[in-house]
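Coordinate analysis (summary)
One-letter residues, chain by chain:
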Protein chains: 2
Amino acid sequence: MRTKQRVKWDLDPNRTALIIINMQKAFCEPDGALYVRNTEHIIDNIRSVSDTARKAGMPVVYLRHKVRGDGDSNRMNDMYPKVVDLLRRRTIDSEIIDELAPKPEDIIINKLFYSGFHFTDLDTILRSRDVDTLIVCGTATNVCCEATVRDAVHKEYKAIVLSDANAAADYPDMGWGAVSAEEIQRLSLTAIAYEFGQVSSTMEIVGEIETNISEGFASFHSA
Amino acid sequence: MRTKQRVKWDLDPNRTALIIINMQKAFCEPDGALYVRNTEHIIDNIRSVSDTARKAGMPVVYLRHKVRGDGDSNRMNDMYPKVVDLLRRRTIDSEIIDELAPKPEDIIINKLFYSGFHFTDLDTILRSRDVDTLIVCGTATNVCCEATVRDAVHKEYKAIVLSDANAAADYPDMGWGAVSAEEIQRLSLTAIAYEFGQVSSTMEIVGEIETNISEGFASFHSA
C-alpha cells in the first residue's frame, strides 16, 4: 500500500480567500428540493470560519448555483431534469440561507454548473486580490465542492478543504448499491487529501488564522 | 432517499470518440512507480472497445500524463513530490503499455495534470471532428478519468464511463481509514452515474457501436 504525508501549507491570511459553496435554501432547508441533510451540521462551522475570515480581512466568496431557466446546460438538464425550476434565478429557494446571510463586503458569484470556476469571474476576483490559497466549505462535498477544488488545483491554487464544514449527500442505488453521505464524505476527503490539497478541521484553520493575524502575518491589511 | 434514473444516450459512432487515459507503464506494470493493481483487469476491455472504435471510424485518443520535468506544476509537486522523475517526457515508464500500443491513425495527447482538457488541445480535436460524446476508460477512475469526465460535462460533452474498463487505486489511511480500490470504484461510478454522465459495461457499448454501424448510423464514414 502506498503511503503519503498529508499536505499542510502555511496559511497567509493576506493571500487566502474563503469560498462558501451552495449554502442555499434549496440545499440546506429540510423542505428544499435538493436537500442535503448533513448541511445542518456545518452551518455553525461555516459561520465561525467566515466571521474569522472577515476579521482577518480575507475575501469571503459565496458561490450560488443559479440557472437562468432558459434551458441552460444540456448536460445539467440530463442529470437534473428539473434544475431550471429548482435553482432558477430570483427564486427564494436559490438564495443563501438566513443563518449565513452574506455581509455587505462579501462577494457573491452565481454559477451555472458544479464548478465555481466554470464561466464565472472567480479566478479573476482571486488573482486581482493576489489570492493563492482557498479555504473551501459548503455542499455537496464530492460534487460542487470537489469540482471547485479540482479546478482550483489545476489553476495552481492551494486548496484547504474543511473536513467538518463540507456536507455530502446520500446516493441511492445507481447499480452498485446505495452509498451513505458518511461514506461519500470519507472517500471524498481521502481522495482530496491524497490528490488535491489540504484537509483540516474548522477549529484548526480558525486557530491558524487567528494566530497568524496576531503574529503580524496580516500586517498588510492592518497597515 | 432521492432516486434517479440512470442516463442513457443514443450512441452515434460518427459523433463519438474513445478516450484512453494514462494506460502507461508507470501505472500499469507491477514494477511501475505509480502502479494501480486493477489496471490488469481492464486491458482486455480497453483493447476490445478500441478495436471496435477503430472499425467504426471513431477517433481513438490516448492521454498520457507526461511532465516536462522542469518543476511543472507546484500543486502536482506538492501532492506527488517525485512526479518530475516518475512521469518525465522521453522515459520508458511514461509510454503506453505494449498491450495497448496506439495505431498510426490514433491521436496521442500529453497532459501535465489530472484532466485531459487541462492546457491540451483535446477540446479542439473533438470539436473539429464534431464529436459530442466521449467513451472514457483508463486509470485512475476517480482521479484522471473523473477529472476528465467532470471537465467534459462542463463543456457539454456526453460522457460514457465504462464501468469495467476504468481502474481505481487503493488509498492508505489519510485520516479517515484506508479505502480499497473496490470501494473507490463503487463510489466513483455511483457519483458519475448520479451527477456526470452515463455508466455502462464495455460489452454493452461494444455491442451498441456494432449494432449502430450495421444499421447505417456510420453511413458518413462508409460513404
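Attention in this report is confined to the structure presented alongside it. Bear in mind the structure is a predicted one, so any value in this text is a computation, not a measurement.

Thresholds, definitions, all that
Residues numbered from 1 in each chain as written. Chains lettered and ligands numbered in written order. Predicted model: local features only at pLDDT ≥ 70, side-chain atom pairs only at ≥ 80, totals over all residues. Heavy atoms only, no water. Helix = DSSP H or I, 4+ residues; strand = E, 2+ residues; numbered from the N terminus. Buried < 20%, exposed > 50% of the residue type's maximum accessible area, 1.4 Å probe, protein only. 1 Å grid on protein atoms, 1.4 Å probe; cavity = no way out; pocket = protein on both sides within 12 Å on 5 of 7 lines; lining within 4 Å. Points joined across faces, edges and corners; volume = space filled by probe spheres on them. Nonpolar A, V, L, I, M, F, W, Y, C, P; charged D, E, K, R; others polar. Pairing = 2+ DSSP bridges. Axes fitted to C-alpha atoms, helices over the stretch in contact; angles between N-to-C directions. Contact = heavy atoms within 4.5 Å. Parallel < 35°, antiparallel > 145°, perpendicular 65-115°, else oblique.

**Some details on the environment of W176 of chain A**
Topologically, W176 of chain A is positioned in the loop between β5 (158-167) and α7 (181-196). Here W176 of chain A falls in the partly exposed class, since its relative accessible area comes to 21%.

**What about the layout of surface pockets?**
Approximately 740 Å³ is the volume attributed to the largest pocket. In terms of lining residues, the largest pocket is bounded by 26 residues, among which H118 and D151 of chain A together with D151, H154 and K155 of chain B are the most central. Among the elements of the structure, α6 (141-154) of chain A together with α6 (141-154) of chain B are those that each provide at least two residues to the lining of the largest pocket. For the lining of the largest pocket, a count of residues per class yields eight nonpolar, seven polar and 11 charged.

**A closer look at the sheet that holds strand β4 (residues 133-139) of chain A**
Residues and elements named next belong to chain A. Taken in spatial order, the six strands of this open sheet run β3-β2-β1-β4-β5-β6, and their pairing is parallel. Whereas interior strands pair on both sides, the edge strands pair on one side only; in this sheet they are β3 (107-111) and β6 (198-200). Strand-to-strand, the axes of this sheet are offset by a mean angle of 25°, without reference to chain direction. The strands touched by α7 within the sheet are β5 and β6, with β5 carrying the most contacts at an inclination of about 170°. Along the sheet face, helix α8 (residues 202-214) touches β4, β5 and β6 and points at about 130° away from the line of β5.

**Let's talk about the packing of α6 of chain A against α6 of chain B**
Between two packed helices, the angle of one axis relative to the other and the distance separating the axes together describe the packing. Between α6 of chain A and α6 of chain B, whose axes approach to 11 Å, the crossing angle comes to 95°. As summarised for this structure, α6 of chain A and α6 of chain B are arranged roughly perpendicular, according to the angle between their axes. On the side of α6 of chain A, the interface is formed by N142, V143, E146, A147, R150 and D151 of chain A, while α6 of chain B contributes N142, V143, E146, A147, R150 and D151 of chain B. The class makeup of the residues in the contact of α6 of chain A with α6 of chain B is four nonpolar, two polar and six charged.

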